[in-house]
Amino acid sequence: MAPKRYDAIVLASFGGPEGQEDVIPFLRNVTRGRGIPDERLEEVATHYRSFGGISPINAQNRALKQALEAELDRRGIDLPVLWGNRNWAPFIADTFREAYDAGHRRVLALSTSAYSCYSSCRQYREDFGMALVETGLAGKLEVDKVRQYFDHPGFVEPFVEGVAEGLAAVRAELAAKGEPDAPVHIMFATHSIPIGDAEAAGPRGVEYEGGSAYVAQHLATAQAVLDRVPEAAGVEWSLVYQSRSGAPHVPWLEPDINDALEELPGKGIRGVVIVPLGFVSDHMEVVWDLDTEALQTCAALGLAAKRVPTPGVHAKFVEGLVDMVCERTVENNIAERPATTSLGPWMDVCMPNCCANRRGEKPTVAGMDSTVGTGAQ
């Protein structure tokens, strides 16, 4: 897409509860339309309740918003940053109203999901479209979206640092146990999704490694990280999945991280570095599924283990996000579109039916087939 003059940036994220009383209403929002009773939701709620009913994602987004504002200010870029969530306050629709009431007519959305699949890209575009319809701002507020950034150097480099430090920590722990030369495994973890959604990820008619743009992007990004960590040369690695939900009869991407961990001792592996490659920040899937369950599995198996940090507000990540904003702006434009894999740089405007919604069509923005968010009066 040709550069434009934008009025504001909207930081869009998943959202999370901020107290015990928020947990079930939040989960109802997440599962809306699926007919899941509260009794079932309480099973998932235990994860949140273990942390006082508070997801860390909102604090992470407040910190990221501040970091983006500071980086924009450092560069002399006058673009306010607004924040909106899909499933909890502040909701995207309210943020769009705030933007319009403040006089903004063209905004650029930046989501906290780096990869391509329905839930991490198209669903955001749908939520933007539905928010415009709900608020009556369709045709009044133009909404574009920054490209998926799975292989942008700003997203990759924090993981490069983390893997190098994680390997050093695990090897030091093994050396302290008298096993300095014991084999170590690097395990890249991401959110599992239904296989049907994985197969529908990305533009149609393209063959991807693993049969899915979502899988291929993770494999390529993992390799890009490893290529930049000399200490990882020769170390065995794998891509694993976590946080599966939904009906048991629906197939999801595997292997589950805990199942994969249980196989390591039989292969002679004595240590593991867990890399949350699919995540921008330490939200519930990281602090529960990795820091709690996966590390408990490692302890039970006698594996030395280290979980690598997510990008969070790492300076290179924040700088990279602002660089991608500048790819799209007339002022302070950055013509170069760096990518660390052969899959990128990803598109600014999604192809028709990209990351298809297998449950039915909804209004979307930032796509060649968009019917809302395409212009402002």
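Thresholds applied
- Residues take numbers from 1 onward in each chain, read along the sequence in its written order.
- In keeping with the predicted nature of the model, local features appear solely for residues at pLDDT of at least 70, side-chain atom pairs appear and are counted solely at 80 or more, and the whole-chain, interface and lining totals rest on all residues.
- Computation of side-chain values covers all heavy atoms of the structure but excludes hydrogens and water.
- Any Lys or Arg side-chain nitrogen located within 4 Å of an Asp or Glu carboxyl oxygen qualifies as a salt bridge.
- Under the DSSP-based scheme used, a helix requires at least four consecutive residues in state H or I and a strand at least two consecutive residues in state E, with every element numbered from the N terminus.
- For the exposure calls, accessible area comes from a 1.4 Å probe over protein chains only, and a residue counts as buried if that area is under 20% of its type's maximum, exposed if over 50%, partly exposed in between.
- Expected helix span is given by 1.5 Å per residue-to-residue step, counting one fewer step than there are residues.
- Every residue pair with non-hydrogen atoms within 4.5 Å of one another is taken to be in contact.
- Note on pairing: DSSP must find at least two bridges between two strands before they are called paired.
- The angle between two axes is taken between their N-to-C directions and runs from 0 to 180 degrees, where each axis is a line fitted to C-alpha atoms and a helix contributes only its stretch in contact.

## Concerning the pattern of salt bridges
Part 1 of the argument: Summed over the entire model, instances satisfying the criterion amount to 28 salt bridges.
Part 2 of the argument: Here Asp 323 makes a salt bridge to Arg 75, at a shortest N to O gap of 2.8 Å. Within this pair, whereas Asp 323 is found in helix 12 (residues 315-327), its partner Arg 75 is found in the loop between helix 3 (57-74) and strand 2 (81-85), the two being separated by 248 residues in sequence.
Part 3 of the argument: For Asp 323, a relative accessible area of 23% corresponds to the partly exposed category.
Part 4 of the argument: Since its relative accessible area comes to 24%, Arg 75 is described here as partly exposed.
Part 5 of the argument: Across the pair Arg 122 and Glu 361 runs a salt bridge whose closest N-O atoms are separated by 3.1 Å. Residue Arg 122 is located in helix 5 (residues 118-135), and its partner Glu 361 is located in the segment after helix 12; the two are separated by 239 residues in the primary sequence.
Part 6 of the argument: By relative accessible area, Arg 122 is classed as buried at 1%.
Part 7 of the argument: What makes Glu 361 exposed here is its relative accessible area of 54%.
Part 8 of the argument: The network of salt bridges with common partners includes Arg 147, Glu 327, Arg 328, Arg 337 and Asp 348.

## Brief notes about helix 12
Part 1 of the argument: Taking 1.5 Å as the rise per residue, helix 12 with 13 residues should run 18 Å; its terminal C-alpha atoms sit 18 Å apart, in good agreement.
Part 2 of the argument: For helix 12, every residue scored as buried is listed here: Phe 317, Val 318, Gly 320, Leu 321, Val 322, Met 324, Val 325, Cys 326 and Glu 327.
Part 3 of the argument: Those residues of helix 12 that are buried are in contact with strand 1 (8-13), helix 3, strand 3 (106-111) and helix 6 (153-176).

## Re the sheet that holds strand 1
Part 1 of the argument: What the four strands build is an open sheet, ordered 2-1-3-4; its pairing is parallel. Edge positions in the sheet fall to strand 2 and strand 4 (142-145), since each of these pairs with one other strand and no more. Strand-to-strand twist across the sheet, computed as the mean angle between neighbouring axes with direction ignored, equals 30 degrees.
Part 2 of the argument: Lying on the sheet, helix 5 is in contact with strand 1, strand 3 and strand 4; it crosses strand 4 at an angle near 175 degrees.

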